[in-house]
Amino acid sequence: MDSVTSERPTGPSTAGPSLASTADNGLKIVIVGGFGVGKTTMVRSVSEIRPLNTEETMTRAGEGIDVLADLEGLQRKTTTTVAFDFGRISLDARSVLYLFGAPGQERFWYLWDRLFSGTLGAVVLADTRRLSDSWYAIDRLEHHGTPFIVACNDFGGPVHTEEQIREALDLSPDVPLVECDARDRSSSKYVLITLVEYLHDLASKRAADLAVDPALNPAVDSALEPTAAPTPETTP
(Lines give C-alpha, C1' and ligand atoms only; values in the text may rest on other atoms or scores of the structure.)
Protein backbone atom coordinates (compact mmCIF):
# COMPACT_ATOMS: atom_id res chain seq x y z
CA MET A 1 0.00 0.00 0.00
CA ASP A 2 1.86 3.03 -1.28
CA SER A 3 0.14 5.50 1.04
CA VAL A 4 1.40 3.88 4.24
CA THR A 5 4.41 5.62 5.74
CA SER A 6 6.32 5.17 8.95
CA GLU A 7 7.87 8.34 10.26
CA ARG A 8 10.32 8.76 13.09
CA PRO A 9 9.13 10.83 16.05
CA THR A 10 10.80 14.16 16.61
CA GLY A 11 13.29 14.38 19.45
CA PRO A 12 16.88 13.51 20.29
CA SER A 13 16.37 9.78 19.70
CA THR A 14 15.27 8.62 16.25
CA ALA A 15 14.82 4.97 17.19
CA GLY A 16 11.85 4.03 19.33
CA PRO A 17 12.37 1.69 22.30
CA SER A 18 11.35 -1.93 22.11
CA LEU A 19 8.19 -2.98 23.89
CA ALA A 20 9.08 -4.18 27.39
CA SER A 21 8.78 -7.94 27.88
CA THR A 22 6.79 -7.21 31.04
CA ALA A 23 4.13 -5.24 29.17
CA ASP A 24 0.90 -7.19 29.50
CA ASN A 25 -1.73 -4.46 29.66
CA GLY A 26 -2.45 -2.82 26.31
CA LEU A 27 -4.91 0.07 26.35
CA LYS A 28 -6.45 1.27 23.08
CA ILE A 29 -6.97 5.02 22.77
CA VAL A 30 -8.53 6.79 19.77
CA ILE A 31 -7.81 10.41 18.82
CA VAL A 32 -10.73 11.73 16.80
CA GLY A 33 -11.99 15.03 15.46
CA GLY A 34 -12.61 17.05 12.34
CA PHE A 35 -10.35 17.42 9.34
CA GLY A 36 -7.05 19.18 10.00
CA VAL A 37 -7.40 19.53 13.78
CA GLY A 38 -4.02 17.90 14.48
CA LYS A 39 -4.71 14.21 15.07
CA THR A 40 -1.80 12.96 12.97
CA THR A 41 0.42 15.63 14.50
CA MET A 42 -0.45 14.52 18.04
CA VAL A 43 0.29 10.86 17.29
CA ARG A 44 3.61 11.84 15.73
CA SER A 45 4.64 14.11 18.58
CA VAL A 46 3.92 11.71 21.43
CA SER A 47 4.63 8.23 20.03
CA GLU A 48 7.76 6.51 21.33
CA ILE A 49 7.99 4.45 18.14
CA ARG A 50 7.90 5.37 14.50
CA PRO A 51 4.23 6.24 13.96
CA LEU A 52 2.41 4.50 11.17
CA ASN A 53 0.65 6.96 8.90
CA THR A 54 -1.79 6.26 6.08
CA GLU A 55 -1.73 9.54 4.21
CA GLU A 56 -2.59 10.27 0.61
CA THR A 57 -1.98 13.38 -1.43
CA MET A 58 -5.09 15.50 -1.86
CA THR A 59 -5.92 15.98 -5.54
CA ARG A 60 -8.44 17.84 -7.66
CA ALA A 61 -10.56 14.67 -7.69
CA GLY A 62 -11.55 15.52 -4.13
CA GLU A 63 -12.88 18.97 -4.98
CA GLY A 64 -16.54 19.21 -4.10
CA ILE A 65 -16.20 16.18 -1.80
CA ASP A 66 -13.59 17.32 0.69
CA VAL A 67 -14.83 20.63 2.05
CA LEU A 68 -12.00 22.80 3.35
CA ALA A 69 -12.73 25.70 5.66
CA ASP A 70 -11.21 29.01 4.62
CA LEU A 71 -8.84 29.07 7.58
CA GLU A 72 -5.13 29.62 8.02
CA GLY A 73 -3.29 26.35 7.39
CA LEU A 74 -6.15 24.29 5.98
CA GLN A 75 -5.94 25.70 2.48
CA ARG A 76 -2.24 24.76 2.43
CA LYS A 77 -2.89 21.20 3.57
CA THR A 78 -1.80 18.75 0.85
CA THR A 79 -2.30 15.33 2.48
CA THR A 80 -5.07 13.58 4.39
CA THR A 81 -5.31 10.41 6.48
CA VAL A 82 -7.30 7.73 4.64
CA ALA A 83 -7.32 4.93 7.25
CA PHE A 84 -5.70 5.72 10.60
CA ASP A 85 -2.49 6.76 12.30
CA PHE A 86 -0.90 4.44 14.85
CA GLY A 87 1.56 5.08 17.65
CA ARG A 88 2.55 3.75 21.05
CA ILE A 89 3.54 5.18 24.41
CA SER A 90 4.44 3.23 27.56
CA LEU A 91 2.86 4.29 30.84
CA ASP A 92 5.00 1.98 32.97
CA ALA A 93 6.67 -1.44 32.77
CA ARG A 94 3.33 -3.21 32.33
CA SER A 95 0.90 -0.73 30.75
CA VAL A 96 1.06 0.57 27.18
CA LEU A 97 -1.19 2.98 25.33
CA TYR A 98 -1.85 2.13 21.70
CA LEU A 99 -2.85 5.32 19.89
CA PHE A 100 -5.12 5.36 16.85
CA GLY A 101 -5.65 8.63 15.01
CA ALA A 102 -8.96 8.56 13.13
CA PRO A 103 -9.34 10.07 9.64
CA GLY A 104 -10.97 13.48 9.64
CA GLN A 105 -12.50 13.68 6.18
CA GLU A 106 -16.26 13.12 6.23
CA ARG A 107 -16.06 10.46 3.53
CA PHE A 108 -13.95 8.31 5.87
CA TRP A 109 -16.16 8.67 8.93
CA TYR A 110 -17.63 5.21 8.34
CA LEU A 111 -14.30 3.84 9.64
CA TRP A 112 -14.80 5.45 13.05
CA ASP A 113 -17.24 2.86 14.38
CA ARG A 114 -14.69 0.12 13.71
CA LEU A 115 -11.90 2.11 15.34
CA PHE A 116 -14.05 2.65 18.42
CA SER A 117 -14.44 -1.11 18.90
CA GLY A 118 -12.44 -2.18 21.95
CA THR A 119 -11.44 1.39 22.75
CA LEU A 120 -10.87 2.22 26.40
CA GLY A 121 -11.33 5.95 25.87
CA ALA A 122 -10.93 8.75 23.35
CA VAL A 123 -9.56 12.24 22.86
CA VAL A 124 -11.76 14.60 20.86
CA LEU A 125 -9.29 17.06 19.36
CA ALA A 126 -10.99 20.36 18.58
CA ASP A 127 -10.19 23.57 16.73
CA THR A 128 -11.95 26.44 18.52
CA ARG A 129 -12.34 28.26 15.20
CA ARG A 130 -14.76 25.54 14.04
CA LEU A 131 -16.14 23.74 17.05
CA SER A 132 -19.05 22.36 15.03
CA ASP A 133 -16.57 19.95 13.38
CA SER A 134 -16.41 18.12 16.73
CA TRP A 135 -20.14 17.45 17.03
CA TYR A 136 -20.17 14.24 15.01
CA ALA A 137 -17.21 12.76 16.92
CA ILE A 138 -18.87 13.45 20.26
CA ASP A 139 -22.18 12.04 19.01
CA ARG A 140 -20.58 8.75 17.88
CA LEU A 141 -18.60 8.35 21.10
CA GLU A 142 -21.71 8.92 23.18
CA HIS A 143 -23.58 6.44 20.98
CA HIS A 144 -20.93 3.79 21.70
CA GLY A 145 -20.75 4.71 25.39
CA THR A 146 -17.03 5.45 25.04
CA PRO A 147 -15.60 7.81 27.68
CA PHE A 148 -13.79 10.81 26.23
CA ILE A 149 -12.15 14.12 27.00
CA VAL A 150 -11.96 17.20 24.78
CA ALA A 151 -8.62 18.85 23.97
CA CYS A 152 -8.61 22.23 22.21
CA ASN A 153 -5.59 22.42 19.92
CA ASP A 154 -4.04 25.89 19.79
CA PHE A 155 -4.30 27.38 16.31
CA GLY A 156 -4.14 30.98 17.50
CA GLY A 157 -7.84 31.55 16.91
CA PRO A 158 -10.29 33.58 19.00
CA VAL A 159 -10.18 33.00 22.74
CA HIS A 160 -13.26 31.33 24.21
CA THR A 161 -14.04 30.72 27.85
CA GLU A 162 -14.44 27.18 29.11
CA GLU A 163 -18.14 27.85 29.62
CA GLN A 164 -18.54 28.97 26.00
CA ILE A 165 -16.80 25.86 24.67
CA ARG A 166 -18.79 23.54 26.91
CA GLU A 167 -22.02 25.18 25.81
CA ALA A 168 -21.07 25.00 22.11
CA LEU A 169 -20.23 21.29 22.40
CA ASP A 170 -23.02 20.53 24.89
CA LEU A 171 -20.49 18.87 27.19
CA SER A 172 -21.40 17.24 30.44
CA PRO A 173 -19.78 19.04 33.41
CA ASP A 174 -17.78 15.93 34.32
CA VAL A 175 -16.09 15.63 30.89
CA PRO A 176 -12.55 17.06 31.15
CA LEU A 177 -11.76 19.99 28.85
CA VAL A 178 -8.11 20.93 28.33
CA GLU A 179 -5.98 23.08 26.05
CA CYS A 180 -3.00 21.71 24.15
CA ASP A 181 -0.46 22.15 21.39
CA ALA A 182 -0.46 18.91 19.41
CA ARG A 183 3.02 19.69 18.07
CA ASP A 184 4.51 19.61 21.55
CA ARG A 185 5.30 16.20 23.05
CA SER A 186 4.84 17.27 26.68
CA SER A 187 1.52 18.95 25.87
CA SER A 188 0.25 15.84 24.06
CA LYS A 189 1.39 13.65 26.95
CA TYR A 190 -0.58 15.87 29.32
CA VAL A 191 -3.71 15.25 27.22
CA LEU A 192 -3.23 11.48 27.40
CA ILE A 193 -2.49 11.59 31.14
CA THR A 194 -5.70 13.58 31.65
CA LEU A 195 -7.65 10.92 29.75
CA VAL A 196 -6.10 8.03 31.70
CA GLU A 197 -6.79 9.77 35.03
CA TYR A 198 -10.39 10.38 33.94
CA LEU A 199 -10.81 6.72 33.00
CA HIS A 200 -9.34 5.68 36.35
CA ASP A 201 -11.78 7.96 38.18
CA LEU A 202 -14.70 6.48 36.25
CA ALA A 203 -13.57 2.94 37.04
CA SER A 204 -13.15 3.79 40.73
CA LYS A 205 -16.60 5.35 40.87
CA ARG A 206 -18.09 2.34 39.14
CA ALA A 207 -16.42 -0.02 41.62
CA ALA A 208 -17.69 2.05 44.56
CA ASP A 209 -21.23 2.04 43.15
CA LEU A 210 -21.12 -1.73 42.70
CA ALA A 211 -19.94 -2.17 46.29
CA VAL A 212 -23.00 -0.26 47.48
CA ASP A 213 -25.46 -1.83 45.05
CA PRO A 214 -24.32 -5.06 43.30
CA ALA A 215 -27.49 -5.00 41.23
CA LEU A 216 -25.85 -2.27 39.10
CA ASN A 217 -23.61 -4.95 37.62
CA PRO A 218 -24.98 -5.87 34.16
CA ALA A 219 -24.03 -9.49 34.80
CA VAL A 220 -26.15 -9.45 37.93
CA ASP A 221 -29.02 -7.82 36.04
CA SER A 222 -29.01 -10.58 33.43
CA ALA A 223 -28.81 -13.27 36.12
CA LEU A 224 -31.85 -11.81 37.85
CA GLU A 225 -33.96 -11.76 34.70
CA PRO A 226 -36.84 -14.24 34.93
CA THR A 227 -36.53 -17.28 32.73
CA ALA A 228 -39.40 -18.80 30.83
CA ALA A 229 -41.06 -21.76 32.49
CA PRO A 230 -40.14 -25.07 30.87
CA THR A 231 -42.65 -26.44 28.44
CA PRO A 232 -44.08 -29.73 29.70
CA GLU A 233 -43.24 -32.65 27.50
CA THR A 234 -46.17 -34.47 25.95
CA THR A 235 -46.35 -38.19 25.87
CA PRO A 236 -47.58 -39.93 22.79
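Residues numbered from 1 in each chain as written. Predicted model: local features only at pLDDT ≥ 70, side-chain atom pairs only at ≥ 80, totals over all residues. Heavy atoms only, no water.

## What about the overall build of the chain?
To keep it simple, the criterion reads: Where helices and strands are cited, they refer to DSSP runs of H or I of at least four residues and of E of at least two residues respectively, numbered from the N terminus. Only protein chains enter the accessibility calculation, which uses a 1.4 Å probe. A residue is then buried if its area is under 20% of the maximum for its type, exposed if over 50%, and partly exposed in between. In this analysis, two residues are considered to be in contact whenever any of their non-hydrogen atoms come within 4.5 Å of each other. Residue burial considers only the protein chains on display, and all accessible areas are found by Shrake-Rupley using a 1.4 Å probe.
On a plain count of helices and strands, the chain comes out with six helices and nine strands. Within the span of the chain, comprising 236 residues, buried residues form 40% of the whole. Here the contacts in the chain between residues at least 6 apart in sequence split such that 74% fall between residues at least 24 apart. Here the chain displays about 13,500 Å² of accessible surface, and carbon together with sulfur accounts for 54% of that area.

## Section: the packing of aromatic side chains
Quick note on the threshold: Classification of ring pairs rests on two measures: the distance between centres of Phe, Tyr or Trp rings, Trp counted by its six-membered ring, which must be within 6.5 Å, and the angle between planes, read as stacked under 30 degrees, edge-to-face over 60 and tilted in between. We count a charge as sitting over a ring when the NZ of a lysine or the CZ of an arginine lies within 6 Å of the ring centre and within 35 degrees of the ring normal.
Counting across every chain of the model gives two aromatic pairs. Seen from their ring centres, F86 and Y98 are 6.1 Å apart, and the 15 degrees between their planes marks the pair as stacked. Pair noted here: F86 is in strand β5 (residues 85-90) and Y98 is in strand β6 (residues 95-101), with a separation of 12 residues, a long-range link. The residue whose ring lies beneath K28 is F100, and the NZ or CZ to ring-centre distance is 5.1 Å.

## Some points on the confidence of the model for the chain
For clarity, the threshold we go by: A residue's pLDDT is the predictor's confidence in that residue, given on a scale from 0 to 100.
Predicted confidence across the chain gives a mean pLDDT of 76, with 65% of residues reaching 70 or more. Of the regions scoring below 50 in pLDDT, residues 1-14 engages in 27 contacts with residues more than four places distant in sequence or in other chains. Contacts from residues 220-227, a stretch scored under 50 in pLDDT, to residues over four places away or in other chains number four contacts.

## Quick notes on unusual backbone geometry
Non-glycine residue D170 carries a positive phi angle of around 55 degrees. Along the polypeptide, D170 turns up in the loop between α4 (162-169) and β9 (177-180).

## A few points about a negative patch on the surface
Operational definition: Patches draw on residues past 30% relative accessible area with no salt bridge. Two like charges within 9 Å are joined, as are two nonpolar side chains (Val, Leu, Ile, Met, Phe, Trp, Tyr) within 5 Å. What makes a salt bridge here is a side-chain nitrogen of Lys or Arg within 4 Å of a carboxyl oxygen of Asp or Glu, nothing more. Only four residue types enter the charge count: Lys and Arg as positive, Asp and Glu as negative, with His and the chain ends excluded. We put the charge of a Lys on NZ, of an Arg on CZ, of an Asp on CG and of a Glu on CD.
On the surface, a cluster of negative charge is contributed by D139, E142, E167 and D170. Note that E142 resides in helix α3 (residues 135-144).

## Some thoughts on the pairing of strand β2 (residues 25-32)
What counts here: If DSSP finds at least two bridges between two strands, the strands pair.
Counting buried positions over the eight residues of β2 gives six, a clear majority of the element. Pairing of β2 with β6, which is carried by seven bridges, proceeds in the parallel orientation. When the sheet's bridge partners are listed, V30 is paired in β6 with F100. With four bridges connecting them, β2 and strand β7 (residues 121-127) associate as parallel partners. Paired with I29 across the bridge in β7 is G121.

## Thoughts on the packing of helix α1 (residues 39-46) against helix α5 (residues 185-212)
To keep it simple, the criterion reads: Only the contacting stretch of a helix is used when fitting its axis, a line to C-alpha atoms as for every element, and angles between N-to-C directions run 0 to 180 degrees. Each angle receives one of four descriptions, namely roughly parallel if under 35 degrees, roughly antiparallel if over 145, roughly perpendicular if within 65 to 115, and oblique otherwise. Put simply, Ala, Val, Leu, Ile, Met, Phe, Trp, Tyr, Cys and Pro go in the nonpolar bin, Asp, Glu, Lys and Arg in the charged bin, and everything else, Gly too, in the polar bin.
Where α1 meets α5, the axes come as close as 8 Å, and the angle between the chain directions of the two elements is 100 degrees. On the basis of the axis angle, α1 is roughly perpendicular to α5. Seen from α1, the contacting residues are M42, S45 and V46; seen from α5, they are R185, S188, K189, V191 and L192. Looking at the contact of α1 with α5 residue by residue, the class counts come to four nonpolar, two polar and two charged.

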